[in-house]
Amino acid sequence: ELKQIAPRDRAQLVGGLGPCGLPVCCATFLGEFDGISLNRAKNQLLSINIPKLSGQCGKLMCCLKYEDEAYLEIKKTLPRIGTRIHYKDQEFKVTSFNVITGVARIENRETIDTITIKDLLDIVNSNK
């Protein structure tokens, strides 16, 4: 008897370690597989590199789903990319965030600098 199984089901049967170093979610606790879109990766400010975002099954990693809600909440408090701020008597533009390390990248024509997200929020809130 031949049965066709989906790639995620195969990864569940085979098991293995994920990129985080832990056993893959589908082999440990995940019972149902929901669709995962690239929007979740964009919400988490990840570069859209499909091979790096793919799990052993070849589909987008399931952990993107679990972390998405936390990133959406954090992004609500952050200024938009491209926001202009005054820092060290110069005007800078916010170009990126690293939520994990708590650092924001700001730049102008002459300088690229990094500041903590907390300091960035203080600057943005003081300008309102």
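What comes next concerns the included structure. (Residues numbered from 1 in each chain as written. Predicted model: local features only at pLDDT ≥ 70, side-chain atom pairs only at ≥ 80, totals over all residues. Heavy atoms only, no water.)

Now for the side chain of asparagine 108. As for its position among the elements, asparagine 108 is in the loop between strand E3 (103-107) and strand E4 (112-116). You can call asparagine 108 buried: its relative accessible area is 18%. One polar contact links asparagine 108 to glutamine 90, side chain to side chain, over a distance of 3.0 Å. Engagement of the side chain of asparagine 108 in a polar contact is seen with the backbone nitrogen of threonine 111, the distance being 2.7 Å. The residues contacting asparagine 108, other than those within four sequence positions of it, are Gln90, Glu91 and Phe92. (Helix = DSSP H or I, 4+ residues; strand = E, 2+ residues; numbered from the N terminus. Buried < 20%, exposed > 50% of the residue type's maximum accessible area, 1.4 Å probe, protein only. Polar contact = N/O pair within 3.5 Å; in protein donor to acceptor, adjacent residues only side chain to side chain. Contact = heavy atoms within 4.5 Å.)

Before going further, it helps to spend a moment on the sheet that holds E3. With respect to topology, four strands assemble into an open sheet ordered E1-E2-E3-E4, the strand pairing being antiparallel. The open sheet is flanked by strand E1 (84-87) and E4, the only strands paired with a single partner. Mean inter-strand twist for the sheet, computed between neighbouring axes without regard to direction, equals 45°. Note: E3 against E4, five bridges, orientation antiparallel. Note on E4: the bridge partner recorded for valine 103 is threonine 116. Helix H6 (residues 117-126) contacts E1, strand E2 (90-98), E3 and E4 of the sheet and is inclined by roughly 95° relative to E4. (Pairing = 2+ DSSP bridges. Axes fitted to C-alpha atoms, helices over the stretch in contact; angles between N-to-C directions.)

On to the environment of isoleucine 85. Inspection of the secondary structure assignment puts isoleucine 85 in strand E1. Taking the relative accessible area as the measure of exposure, isoleucine 85 reaches 1% and is therefore buried. Between the alpha carbons of isoleucine 85 and glutamate 73 there is a distance of 22 Å; along the sequence they are 12 residues apart.

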